[in-house]
Amino acid sequence: MSHHHDTHDLTHLYEGDQSKLYSGVLAHHEDINSDESRAKVKRIWKVTGILTLITIIEVFAGLMLYTSNANVPHILIITFFVAFTLLKAYYIVKVFMHLGDETKVFAKFVLFPMLLVVWLAVVLLVDSTYHLGIGETFGHTVKAIVGGH
């Protein structure tokens, strides 16, 4: 009995030797010299340039803050670096992880758990700072009551 494969039915590739899955048989890429391919490469280089510029600004600001005796509020420094880090994360997720090409619902489905993790990290940091402050205050209270022994 002869076994014929339908060219549209790719299930035969999953049987036996699966190296065909990664050998280019299933590659759906366009010609490297096509306008669409060139536009994608141009977009990747543009985003790489933006990420490089953001990183240079972050490093420059960090070095300036480190070497100068500027009296900049700590919360302002943290806000600056967190904002720039989130901006870089946005570009990486949107372009290099291709989330920008997905539907809005799927993007929200992926980003919502990430926001929960960021929220959890902020809550834990704030809570730990609060508890560190309580320990210090409690220690001073005990010293004052006991008499500093």
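Here the structure is a predicted model, which is why all the values come from computation and not from measurement. (Residues numbered from 1 in each chain as written. Predicted model: local features only at pLDDT ≥ 70, side-chain atom pairs only at ≥ 80, totals over all residues. Heavy atoms only, no water.)

### Description of the overall build of the chain
Put simply, the rule is: Helix and strand labels come from DSSP, where a helix needs a run of H or I of at least four residues and a strand needs a run of E of at least two; each type is numbered from the N terminus. Each residue's exposure class comes from its accessible area (1.4 Å probe, protein chains only) as a fraction of the maximum for that residue type: buried when under 20%, exposed when over 50%, partly exposed otherwise. Working rule for contacts: check all heavy atoms of both residues, and any pair within 4.5 Å makes them a contact. Computed by Shrake-Rupley with a 1.4 Å probe, the accessible areas treat only the displayed protein chains as cover when residues are assessed.
Helix and strand counts for the chain stand at three helices and zero strands. When its helices and strands are written in sequence order, the chain yields α-α-α. Across the 149 residues of the chain, 9% fall into the buried class. In the chain, of all internal contacts separated by at least 6 residues, the share reaching a separation of at least 24 is 41%. Counting only carbon and sulfur atoms, one obtains 69% of the accessible surface of the chain, whose full area is about 12,900 Å².

### A word on the layout of surface pockets
To keep it simple, the criterion reads: Buriedness for pockets is judged along seven lines, at least five of which must meet protein on both sides within 12 Å for an open set on the 1 Å grid over protein atoms alone, while cavities are sets there where a 1.4 Å probe fits but cannot get out, and lining residues have an atom within 4 Å of a point. Grid points are joined across faces, edges and corners, and a volume is the space filled by probe spheres set on the points. In this classification, Asp, Glu, Lys and Arg are treated as charged, Ala, Val, Leu, Ile, Met, Phe, Trp, Tyr, Cys and Pro as nonpolar, and every other residue, Gly included, as polar.
By volume, the largest pocket amounts to about 340 Å³. Lining the largest pocket we find 15 residues, and of these Tyr90, Val93, Lys94, Leu99 and Leu111 sit closest to its centre. Mapped by element, the contributors of at least two residues to the lining of the largest pocket are helix 2 (74-96) and helix 3 (104-146). With six residues, the single largest contributor to the lining of the largest pocket is helix 3. Within the lining of the largest pocket, the residues separate by chemical class into ten nonpolar, two polar and three charged. Taken together, Ile78, Val82, Leu86, Val118, Ala121, Val122 and Leu125 make up the lining of the second largest pocket. Mapped onto the lining of the second largest pocket, the elements with two or more residues apiece are helix 2 and helix 3. The leading source of residues in the lining of the second largest pocket is helix 3, at four residues. Of the residues in the lining of the second largest pocket, the class split is seven nonpolar, no polar and no charged.

### Quick notes on the confidence of the model for the chain
This is how the line gets drawn: pLDDT measures how confident the predictor is about each residue, on a scale from 0 to 100.
Taken over all residues, the pLDDT of the chain has a mean of 76, while the share at 70 or more is 66%. The spread of mean pLDDT over the elements of the chain runs between helix 3, the lowest at 75, and helix 1 (residues 35-67), the highest at 90.

### Concerning the environment of Gly62
In this structure, Gly62 sits in helix 1. For Gly62, a relative accessible area of 26% corresponds to the partly exposed category.

### Here's the deal with the pattern of salt bridges
Opposite charge on two side chains makes pairing possible when the charged atoms of those side chains draw close. We count it as follows: The term salt bridge refers to a side-chain nitrogen of Lys or Arg lying within 4 Å of a carboxyl oxygen of Asp or Glu.
Applying the stated criterion across every chain yields a total of two salt bridges. Here Glu58 ties to Lys88 by a salt bridge, and the two come within 2.8 Å at their closest N and O atoms. Taken together, the positions of Glu58 in helix 1 and Lys88 in helix 2 put the pair 30 residues apart, joining distant regions of the chain. Neither Glu58 nor Lys88 differs from the other in exposure class; each is buried.

### A closer look at a nonpolar patch on the surface
Spelled out, the test is: In this scheme, patches are assembled from residues that exceed 30% relative accessible area and form no salt bridge. Like charges are connected within 9 Å, while nonpolar side chains (Val, Leu, Ile, Met, Phe, Trp, Tyr) are connected within 5 Å.
Together, Phe106, Phe109, Val110, Leu111, Met114, Val118, Val122 and Val126 give the surface a local cluster of nonpolar side chains, amounting to about 700 Å² of exposed area. As for its position among the elements, Val126 is in helix 3. We classify Val126 as exposed; its relative accessible area is 54%.

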